[in-house]
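Listed below are the residues making up each chain.
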Amino acid sequence: MPAIDLGGRRRDVGERVIGIVLFVCAAISVLTTVGIVFVLIEQAVEFFLQVPVADFLFGSTWSALFNNPQFGVLPLVSGTLWITLIALVVSLPLGLLSAIYLSEYADQRVRDVLKPALELLAGVPTIVYGFFAVTFIRPDILRPIFPSIGPFSALSAGIAVGILIIPLVASLSEDAMRAVPRALREGGYAMGATKHEVSWQVVVPAAFSGIVASFILAGSRAIGETMIVALAAGSRPQLVTNPLEPMQTMTGFIVQVFSGDVPYGSLPYLSLFAVGLLLFAITLMLNLISQWVVSKFREVYE
Amino acid sequence: MIGVDSGSSIGTVTAAPVSAGTGVLPAPGTDEKVILSIRDLNVYYGNFHAVGGVSFDVPKNQITALIGPSGCGKSTVLRCINRMNDLIPSARVEGEILYHGQNVVAKGIDPVAVRRRIGMVFQKPNPFPKSIYENISWGAKINGIKGNMDELVETCLRKAALWDEVKDKLKENGLALSGGQQQRLCIARTLAINPDVVLMDEPASALDPISTLKIEDLMRELERQYTIVIVTHNMQQAARVSDQTVFFSLGEQRMGMLVEVSPTRELFTNPRDQRTEDYITGRFG
């Protein structure tokens, strides 16, 4: 036994245990994702054994809960796209302009109040936005303009979803703009550019990848949004070109089935998983596109 | 002793050498060979008096170097000349910087208009994340300069000694160039707005020695058409390129102050102030 013990076996064991615990924590979220995908695929396969994939993807009638059900998903996809489109038309300009204001124009004290307030807006439960659409946006804002609007419509739901995702766009875009080096702005000002020119022609292009990524994330959030559309968009799956009509989205259908009394294992029940899988595939694709945009267009400033 | 470039312009400096507080200044605006006349400039950041009582003249079509230890306010003074200090909310500037008879730091003066006449090149190359071509054409465009853009881009790149290296890749992103090339691109882009003064804030400190020499040669070339004011940490650089040198030092409470203004050769061979001598011989700084 040496006089001074430099062996560290006990510490060695401790470090290894900590490493394992941390690994397990990280693994849980990955495994959960894998599990979800597995369940979706397993049940969806059972559905597709009874309904051909092509009929599902390209059929234009969705009547899952009627006798002689038809499972053409296009009406649900179109409802989802309408709501998403309306939400993006509302949120992208407002979100981007708020971000430019916060990042380039607001002085420190204003920003210190505004940015947390904006992020608080993102913490409002989405069901509250749903009430808001039904009890305020439709009767007080939309009906005076479109007297024919019914109690449920894609427009009122889409506007509410848009308001919901403004903070997401504003906050992520602002982060991207704040990451643009100060030296670049100074370069712009030193060329005799005005604040407006520096903001739009130097900062926004330099933050382009981050801004586009925020747009795509906002789109995928709108596609997946559920409570607002379940409350405000109605529950009529139809392929229409008029956003004043009620529509049903993919998420809206899933809520309707779960809150109804569809027997376990029946075809309408299995159709949930097919719709869920499609939804998952669409948002996954959008996230991949956003990652690609970020890596392709990111400017590296040392 | 530091080698001094024996350029013919040395010794013909028109501004009277000025010592802080003691110099007798010519009446501002009377000498047409003086393009900038700085009079009793004081800069504050909040309560901190960063620069005190600085006065000197910048002769036209010459290179004036501002040297001195870190924190002595030389960059601050430089940034007053094109109103870049306006971007710092707590900064306050007192005194006069006369340019064509107008005090550019006065209240009614539009900083954008000042910057369109007085360009600036920064310490770290900061090209815009746009193509090489657009880096140059952008400044002209926002300043309403019309005419043949291709020609302007080529002229500016030639003046900045960059044309031969980039003429085949004008569409490529400016950030893809090497550091030295980026800095010359920044110089080219500054020339595109046709300034008559170019301020340079340690333009070579982030560059390797070969790129540094290229920038210095370029400055010598540009001096024929433009007036250059350069801040540098590198005394040899000041000695090599400048015609007039302004030495700053730290006074009480870390306030930056001007110690000596002299023709460069004189300042480096025969400084009048003990503090200048200590600094240039390496005993301080």
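Residues numbered from 1 in each chain as written. Chains lettered and ligands numbered in written order. Predicted model: local features only at pLDDT ≥ 70, side-chain atom pairs only at ≥ 80, totals over all residues. Heavy atoms only, no water.

**Q** Hey, could you run me through the state of the cysteines in this one?
**A** For the structure shown, the criterion picks out zero disulfides over all chains. Cys186 of chain B takes part in no disulfide bond, and the closest cysteine sulfur, belonging to Cys156 of chain B, lies 13 Å away. (Disulfide = S-S within 2.5 Å.)

**Q** It is not clear to me how the nonpolar core should be interpreted in this structure. Could you clarify?
**A** Most often, soluble globular proteins keep nonpolar side chains buried together rather than apart. Among the nonpolar cores identified, the biggest contains 56 residues, and Met177 of chain A together with Leu36, Phe56, Ile97 and Phe248 of chain B are the most heavily contacted of them. Residues within four places of Phe248 of chain B in sequence aside, it is in contact with Val54, Phe56, Leu66, Ile67, Gly68, Pro69, Cys72, Lys74, Val77, Met257, Leu258 and Val259 of chain B. Core analysis: the second largest hydrophobic core is formed by 44 residues, Ile63, Ile67, Leu222 and Phe268 of chain B among them. (Core = buried A, V, L, I, M, F, W, Y, C linked by side-chain atoms within 4.5 Å. Buried < 20%, exposed > 50% of the residue type's maximum accessible area, 1.4 Å probe, protein only. Contact = heavy atoms within 4.5 Å.)

**Q** Mind showing me how you'd approach the pattern of salt bridges here?
**A** Oppositely charged side chains are able to pair whenever their charged atoms sit close together. A full pass over the atoms with the stated rule returns 23 salt bridges over all chains. A salt bridge links Lys167 of chain B to Asp164 of chain B, with the shortest nitrogen-to-oxygen separation between them at 3.8 Å. For Lys167 of chain B, a relative accessible area of 38% puts it in the partly exposed group. With relative accessibility at 58%, the residue Asp164 of chain B sits in the exposed group. Arg220 of chain B is the salt-bridge partner of Glu223 of chain B, the closest N and O atoms lying 2.9 Å from each other. Classification of Glu223 of chain B by relative accessible area gives buried; the value is 8%. Look at the salt bridges and you will find they share partners, linking Lys115, Glu119, Glu174, Asp175 and Arg178 of chain A into a network. (Salt bridge = Lys/Arg side-chain N within 4 Å of Asp/Glu carboxyl O.)

**Q** I keep staring at the domain arrangement of chain A and nothing clicks. Help me out?
**A** Interface size, as often reported, equals the accessible area lost upon joining of the parts. Residues and elements named next belong to chain A. According to the domain assignment, chain A contains domain 1 (6–49) and domain 2 (74–297). Here domain 1 and domain 2 have C-alpha centroids that lie 32 Å from each other. The interface of domain 1 with domain 2 comprises nine residues on the first partner and nine residues on the second. Contact between domain 1 and domain 2 buries roughly 850 Å² in total, counting both sides, with carbon and sulfur atoms accounting for 88%. Considering only the surface of domain 1 that becomes buried against domain 2, Leu40, Gln43 and Phe47 emerge as the three largest contributors, covering 62% of it. On inspection of domain 1 and its partner domain 2, the count reaches zero salt bridges. (Domains from an automatic or database assignment. Buried area = accessible area lost by both parts, 1.4 Å probe.)

**Q** I tried to follow the layout of surface pockets on my own but got confused; where do I start?
**A** Roughly 710 Å³ of internal volume is contained in the largest pocket. Along the wall of the largest pocket there are 23 residues; nearest its centre are Ser103, Glu104, Arg182 and Lys195 of chain A together with Leu87 of chain B. Elements with a contribution of two residues or more to the lining of the largest pocket: α3 (74–105), α4 (108–121) and α7 (182–190) of chain A together with α2 (111–117) of chain B. In terms of residue class, the lining of the largest pocket is made up of ten nonpolar, three polar and ten charged. (1 Å grid on protein atoms, 1.4 Å probe; cavity = no way out; pocket = protein on both sides within 12 Å on 5 of 7 lines; lining within 4 Å. Points joined across faces, edges and corners; volume = space filled by probe spheres on them. Helix = DSSP H or I, 4+ residues; strand = E, 2+ residues; numbered from the N terminus. Nonpolar A, V, L, I, M, F, W, Y, C, P; charged D, E, K, R; others polar.)

**Q** Just to check I follow, could you spell out the pairing of strand β2 (residues 34–45) of chain B for this structure?
**A** For a regular strand, the rule is simple: side chains alternate between the two faces of the sheet. All names here are of chain B. The buried fraction of β2 is high, at ten of twelve residues. Sheet topology note: the β2/strand β3 (residues 48–59) ladder contains eight bridges and is antiparallel. If you follow Leu41 over to β3, its bridge partner there is Val54. The antiparallel hairpin formed by β2 and β3 contains two residues in its connecting segment, where Gly46 sits at a positive phi of about 60°. Bridge analysis of β2 against strand β5 (residues 91–99) gives eight bridges, and the strand direction is antiparallel. (Pairing = 2+ DSSP bridges.)

**Q** Help me understand a nonpolar patch on the surface, please; the structure alone is not making it clear to me.
**A** A grouping of Ile127, Val128, Phe131, Phe132, Phe136, Ile141, Ile145 and Phe146 of chain A is seen on the molecular surface, where their side chains present a nonpolar patch of about 650 Å² in accessible area. Along the polypeptide, Phe131 of chain A turns up in helix α5 (residues 126–145). (Patch = residues over 30% accessible without salt bridge, like charges linked within 9 Å, V, L, I, M, F, W, Y side chains within 5 Å. Areas by Shrake-Rupley, 256 points an atom, 1.4 Å probe, with all protein chains shown as cover.)

**Q** Please explain the packing of helix α6 (residues 154–178) of chain A against helix α9 (residues 208–224) of chain A as it appears in this structure.
**A** Geometrically, a packed helix pair is captured by the angle between its two axes and the distance between the axes. All names here are of chain A. At a minimum axis distance of 8 Å, the contact between α6 and α9 shows a crossing angle of 155°. The angle between α6 and α9 places the two elements in the roughly antiparallel class. For the pair α6 and α9, the crossing hand works out as right-handed. Contacts between α6 and α9 involve Val161, Leu164, Ile165, Leu168, Val169, Leu172, Ser173, Ala176 and Met177 on the former and, on the latter, Gly210, Ile211, Ser214, Phe215, Leu217, Ala218, Arg221 and Ala222. Of the residues in the contact of α6 with α9, the class split is 13 nonpolar, three polar and one charged. (Axes fitted to C-alpha atoms, helices over the stretch in contact; angles between N-to-C directions. Parallel < 35°, antiparallel > 145°, perpendicular 65-115°, else oblique. Left-handed = near helix turned anticlockwise from the far one by under 90°.)

**Q** Looking at this structure, I do not really get the pairing of strand β10 (residues 244–250) of chain B. What am I missing?
**A** Residues and elements named next belong to chain B. Counting buried residues along β10, six of its seven residues qualify, which places the element largely inside the surrounding structure. Pairing of strand β4 (residues 63–67) with β10 involves four bridges; the strand directions are parallel. Within β10, the residue paired with Leu66 across the bridge is Val246. In this sheet, strand β11 (residues 256–263) lies alongside β10 in antiparallel orientation, the contact comprising seven bridges. Following the sheet pairing, Leu250 is matched in β11 by Gly256.

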